[in-house]
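Observations on the model geometry
Residue strings, one per chain:
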Amino acid sequence: MNRFPMILSSTAATAVLLLGTPGCGILSGSGQQVRELAGHEVVHEMSGDDLEELAVPTTVSEASWVWEGPRDGELVGVHPVPTGAVLHLNDGVVGLDTRTGKEVWSYRLLGSEAEAAVSPDGTFVAVSASGSLVLLDSGTGVETLVLEHGSAGTDRLSVRHAGLVTDDGLVTAGPGDGGGVAVSFSPWDDEPGWRGERLRCPGGIGDPRVEDGFLTPSGVVVVHACGGSDLRLTSLDTATGEEQWSLVRGQDFDDAAEHPEQLDEETFAAAGDVAVLQNMALMRGTVVIDTVRGEVLSEALPSGPEDTVLRVLPHGYLAVRSERLENGQWEDRFEVRDFSGSVKDTVVTDENSVGSTVSGQLPLKDSLLKPRWSEEEDNMEVAVFDWDAEGPEETIALPVEVDLGGIDSVWEVEEALGPGTFQEVPGAVLVREHTRGEPVPRVAGLT
């Protein structure tokens, strides 16, 4: 899901509250165009292909293709769009036809460290580097808008100093004129936006600071705090800027679970209309919030060794429950549950069949996909388990190398083979190659 509708950098621009002086460029046709932007050479290629919207697979049975990127590139992540997928490289983005693995378009700012984001409905792709943001059509790669948004500041509600990319414009945050934090919305077109002094400290004491922010289907949630006080989550309507709800950590919810990894920072991420506090790994945590009503759905999802949440989903979560049988063997029961704990789908395996149980699982409508080590292939393979079905699982040999040797951290494993890297998208399931040394970016498409 789109699990990742925006990328949040560690800094942002206060100058972008007025978005600088926008300029725009409309490109048509196909082929390659080269020019300079923000001090970088831009290589923009378009095939001119007109793609159809695709459905997300309900299951997969084979590895159909491999995409290989530039040798000097690094694959940062995978973003679903209606016509397939957008691959985020360290210096730009590539649009893929996920039926074939063919590049439909690419946009690279050579020598840059570019951030990228896809709007929640998948219509637009934003690429930002060196104070400039470019808006692209996700299906064709056509450039529709260029914004010069200025220098870096201290705000963290950001895509590389630009803002959170919505379907209709940018949401930004910065110091308010009369104190507090001002959150603003600037539309892509020339229509007026809004600016509000919405975030202040209780009693007007202290200076509020923005810690994080994320988009939901119903608005934008700003995570902020005052001094050493507990974090506050405030949801604003992106159309009007009106406050929808507010929650305070320590009053409305708390994370009392003990986790094996001491994370330097815990962030929230959206999955549909819910948000999870990622205090275990990517898209994994014990606290889940309904972002429409501002209600805490859970602050105690399973986190123990015998019953563990594996991934939060828009309408529930995937968990694994381990039980010792009478013969001394272990049985692992993977379950999709709603937030009340009721089981909706189940896969039962033994530990020899499933391998590691705490990372990498991908639930589809008709099956559960689980990467595991194959001695025969000397590589990872993907096991395909049908929900609630008897009999052995199917396996898919991977045409890309996945080496997780030496990684002990669950968080690092999820970064290597979890949301955004092992990802369902319209048309296929994508698996990113992960090797040590100097890898070439490669992605396999499972269909």
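Right above here is the structure, for reference.
Residues numbered from 1 in each chain as written. Predicted model: local features only at pLDDT ≥ 70, side-chain atom pairs only at ≥ 80, totals over all residues. Heavy atoms only, no water.

Okay, the pairing of strand β4 (residues 75-81) next. The buried fraction of β4 amounts to six of the seven residues, a majority that puts the element mostly inside the structure. Where β4 folds back onto strand β5 (residues 84-89) in an antiparallel hairpin, the turn is made up of two residues. (Buried < 20%, exposed > 50% of the residue type's maximum accessible area, 1.4 Å probe, protein only. Helix = DSSP H or I, 4+ residues; strand = E, 2+ residues; numbered from the N terminus. Pairing = 2+ DSSP bridges.)

The next point concerns the pattern of salt bridges. Applying the stated criterion across every chain yields a total of 16 salt bridges. The partner of Asp-72 in a salt bridge is Arg-108, with the nearest N and O atoms 3.4 Å apart. Taken together, the residues Asp-72 in the loop between β3 (63-68) and β4 and Arg-108 in strand β7 (residues 102-110) connect sequence positions 36 residues apart. By relative accessible area, which is 14% here, Arg-108 ends up buried. Among the ionic pairs, Arg-337 bridges to Glu-335, the shortest N-O distance being 2.9 Å. The residues Arg-337 and Glu-335 share a single accessibility class, namely buried. (Salt bridge = Lys/Arg side-chain N within 4 Å of Asp/Glu carboxyl O.)

With that settled, the discussion passes to unusual backbone geometry. Positive phi is not limited to glycine here, since Met-283 has a value of about 60°. Within the secondary structure layout, Met-283 lies in the loop between β21 (274-278) and β22 (288-290). Residues other than glycine seldom take positive phi values, yet Asp-388 does so here, at roughly 55°. Following the sequence through the fold, Asp-388 ends up in the loop between β30 (379-386) and β31 (394-397).

Here we take up the pairing of strand β23 (residues 295-298). Examined bridge by bridge, β22 and β23 share three bridges and lie antiparallel to one another. Paired with Asp-290 across the two strands is Glu-295, which belongs to β23. Where β22 folds back onto β23 in an antiparallel hairpin, the turn is made up of four residues, including Gly-294, whose phi is positive at roughly 70°.

A word on the packing of aromatic side chains. Across all of its chains, the model carries four aromatic pairs by this definition. Here the aromatic rings of Phe-214 and Phe-268 are separated by 6.2 Å at their centres, their planes lie at 25°, and the arrangement is stacked. Residue Phe-214 is found in strand β16 (residues 208-216), and its partner Phe-268 is found in strand β20 (residues 267-271); the two are separated by 54 residues along the sequence. A residue is classified by how much of its surface remains accessible, and Phe-214, at 2% relative accessible area, is buried. (Phe/Tyr/Trp six-rings, centres within 6.5 Å; stacked < 30°, edge-to-face > 60°.)

Right, let's get into the sheet that holds strand β29 (residues 367-374). Pairing is antiparallel in the open sheet, where four strands are placed in the order β28-β29-β30-β31. Both edges of this open sheet fall to β28 (362-363) and β31, since each of them pairs with a single strand only.

Another aspect to go through is the sheet that holds β21. Across the sheet, which stays open at both edges, the four strands sit in the order β20-β21-β22-β23 with antiparallel pairing between neighbours. The strands lining the two open edges of the sheet, one partner per strand, are β20 and β23. Averaged over all pairs of adjacent strands, the angle between strand axes in this sheet comes to 30°, irrespective of strand direction. (Axes fitted to C-alpha atoms, helices over the stretch in contact; angles between N-to-C directions.)

Moving on, we get to the nonpolar core. One finds Val-93, Trp-105, Tyr-107, Val-125 and Leu-136 to be the most contacted residues of the largest nonpolar core, which totals 21 residues. Sorting the residues of this core by element identifies β2 (40-46), β7, β8 (115-118), β9 (124-129) and β10 (132-137) as the ones contributing at least two each. When neighbours within four sequence positions are excluded, Leu-136 is seen to be in contact with His-44, Val-93, Trp-105, Tyr-107, Thr-123, Phe-124, Val-125, Val-127, Gly-141, Val-142, Glu-143 and Thr-144. If you look at the next biggest cluster of nonpolar residues, it comprises 18 residues, including Leu-364, Leu-398, Leu-404 and Val-429. (Core = buried A, V, L, I, M, F, W, Y, C linked by side-chain atoms within 4.5 Å. Contact = heavy atoms within 4.5 Å.)

Owing to its 3.6 residues per turn, the α-helix brings residues three or four apart onto one side. When helix α2 (residues 410-417) is considered as a whole, its buried residues turn out to be Trp-411, Val-413, Glu-414, Ala-416 and Leu-417. Those residues of α2 that are buried are in contact with β21, β24 (307-313), β29, β30, β32 (422-425) and β33 (428-432). If you check the start of α2, you find a side-chain oxygen 3.2 Å away from the backbone N of Trp-411, and it comes from Ser-409. (Polar contact = N/O pair within 3.5 Å; in protein donor to acceptor, adjacent residues only side chain to side chain.)

Here we take up the side chain of His-44. When you line up the elements, His-44 lands in strand β2. Given a relative accessible area of 0%, His-44 falls into the buried group. Engagement of the side chain of His-44 in a polar contact is seen with the backbone oxygen of Gly-141, the distance being 2.7 Å.

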